[in-house]
Amino acid sequence: MIKSSELLPADHVEGSKLERDGDINKDFHHEAFLGKLIKDGTLTFENKMGYKKLIEIFHQVDYDKDHLVSKDELSYWIHERILEHVEEARLRNEGLFKSADLNKDGSITWLEYRTKLLVGDGNATVSPKKYVFSSGEDGGLPDEYGHWKKADVNQDGKIDVTEFLYFQHPEYNPETIKKMAEDMLVNFDRNGDKIMTGDEFLALPPGEVDPDQAAAEKEYKEDRKREFKLMDKNGDGVVKLDELALYLDPRNEQHAANEASYLISVADKNKDAKLSELEMLQNYQLFTGSSLANFAGVLHDEF
């Protein structure tokens, strides 16, 4: 069943590490690595059998079958998984569009969109004519109306399936990605110079500083420092619009290369720039986002 909340743009962009509100997706490492094996943040296989699944994946990533995973192999694997995420989003978008196109004419008017939101999580079978606007053009839903207006790119008063795809998943349209980058830049750019500095990106959300959260704040800043360096393509210490747009595009192969470098840097204990089966298993949580029960027993059985 399609939920009405799914008709609104998601907080995150499929295959991108930076969310719309500027937060970093903490689950990106294992989402990018596992692809279809993780859905809505949950593993699709039983955690107690996870080590066998991880070994199975290891051998799939080991394209040259030398029992080691190189950066190039891992980068290629991750890029393919990201593209899978993007394609799944496109297919799901078609179902969402059909659910909101109440009169089945191939487009969604604001009245249809509003009706679907109001009807809720069931299939809308009520004629949209039964719903009367309660307060002006937005019908009492100003935020949702704003979302719908943005989706209507050609301003013809209705949304076709392509516009809806770009609205839900800006990763499919360079212009939409650029617009999202512009919105983000406005939020971060505190002095209005149309660029983002490291200090602006690292700034903590407003609020009182809790001494008990010092460690978490330090981790927050370290994470954002790493991401800022990845965004700052030319290394000049600031992020411009084109750099941010490139960073937000999940189909940019550099994302996979960066992620592969990070995973190897953390898991490669013997520093040979490759991953062995044992190194991947020893970093089970890094690769799957889930703790492995009886880990010592697993290593004993396998090795």
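Nothing here was measured: the structure is a model prediction, and the numbers come from that model.

### Let's talk about the overall build of the chain
Thought 1: In terms of regular secondary structure, the chain is built from 14 helices and six strands.
Thought 2: Buried residues in the chain amount to 44% of all 303 residues.
Thought 3: A total of about 16,300 Å² of accessible surface is found on the chain, and carbon and sulfur atoms cover 51% of it.

### Observations regarding helix 2 (residues 50–61)
Thought 1: The terminal C-alpha atoms of helix 2, which comprises twelve residues, lie 16 Å apart, in line with the 16 Å expected from a rise of 1.5 Å per residue.
Thought 2: For helix 2, the set of buried residues is Gly-50, Tyr-51, Leu-54, Ile-55, Ile-57, Phe-58 and Val-61. Along the axis of helix 2, the buried residues cluster in a sector spanning 160 degrees; they form a single face.

### A closer look at the packing of helix 3 (residues 71–100) against helix 11 (residues 253–267)
Thought 1: Following both chains from N to C, one finds helix 3 and helix 11 inclined at 130 degrees, their axes separated by 8 Å at the closest point. Taken together, the axis directions place helix 3 and helix 11 in an arrangement best described as oblique. The two elements helix 3 and helix 11 meet at a crossing, and its hand is right-handed. Between helix 3, through Lys-71, Leu-74, Ser-75, Ile-78 and His-79, and helix 11, the contact on the second element is made entirely by Glu-253, Ala-256, Ala-257, Glu-259, Ala-260, Ser-261, Leu-263 and Ile-264.
Thought 2: Residues that form the contact of helix 3 with helix 11 fall into these classes: seven nonpolar, three polar and three charged.

### So, the pattern of salt bridges
Thought 1: What the rule picks out here adds up to nine salt bridges.
Thought 2: Salt-bridge contacts for Asp-66 lead to Lys-274; the nearest nitrogen and oxygen are separated by 3.9 Å. With Asp-66 in the loop between helix 2 and strand 3 (69–70) and Lys-274 in strand 6 (residues 274–275), this residue pair connects regions lying 208 residues apart in the sequence.
Thought 3: The exposure class assigned to Asp-66 is partly exposed, which follows from its relative accessible area of 30%.
Thought 4: Looking at Lys-274, the relative accessible area reads 29%, which means it is partly exposed.
Thought 5: Arg-81 is the partner of Glu-84 in a salt bridge, and the nearest nitrogen-oxygen pair spans 3.0 Å.

### A word on the UniProt feature "domain: EF-hand" (unreviewed entry) in the chain
Thought 1: This chain's UniProt record puts "domain: EF-hand" (unreviewed entry) on residues 49–84, 88–123, 148–174 and 219–254.
Thought 2: Along residues 148–174 the backbone is 48% helical and 0% strand, and the end-to-end C-alpha distance reaches 19 Å.
Thought 3: Along residues 219–254 the backbone is 64% helical and 6% strand, and the end-to-end C-alpha distance reaches 24 Å.

Conventions we followed
Position labels on residues start from 1 in each chain and follow its written sequence. Since the coordinates come from a predicted model, pLDDT governs what is reported: local features require at least 70, and pairs of side-chain atoms require 80 or more to be given and counted, while whole-chain, interface and lining totals use all residues. Just so you know, side-chain values use all the structure's heavy atoms and leave hydrogens and water out. The numbering of helices and of strands both runs from the N terminus, where a helix is a DSSP run of H or I of at least 4 residues and a strand a run of E of at least 2. Exposure categories follow from relative accessible area, calculated using a 1.4 Å probe and restricted to protein chains: below 20% of the type maximum is buried, above 50% is exposed, and the middle band is partly exposed. We get accessible surface area from the Shrake-Rupley algorithm with a probe of 1.4 Å; when it comes to residues, only the shown protein chains can shield them. Each residue after the first adds 1.5 Å to the expected span of a helix. In this description, the arc belongs to the directions extending from the helix axis to the C-beta atoms. Orientation is described by axes fitted as lines to C-alpha atoms, over the contacting stretch for helices, and by angles from 0 to 180 degrees between their N-to-C directions. In these notes the angle categories are as follows: under 35 degrees is roughly parallel, over 145 is roughly antiparallel, 65 to 115 is roughly perpendicular, and the rest is oblique. Working rule for handedness: look at the near helix, and if it is turned counterclockwise from the far one by less than a right angle, call the crossing left-handed; if clockwise, right-handed. It only takes one pair of heavy atoms within 4.5 Å for two residues to be counted as in contact. Amino acids are sorted into nonpolar (Ala, Val, Leu, Ile, Met, Phe, Trp, Tyr, Cys and Pro), charged (Asp, Glu, Lys and Arg) and polar (every other residue, Gly among them). Salt bridge criterion: a side-chain nitrogen from Lys or Arg within 4 Å of a carboxyl oxygen from Asp or Glu. UniProt positions are given in the numbering used here, feature names are shortened, and annotations may be inferred rather than shown by experiment.

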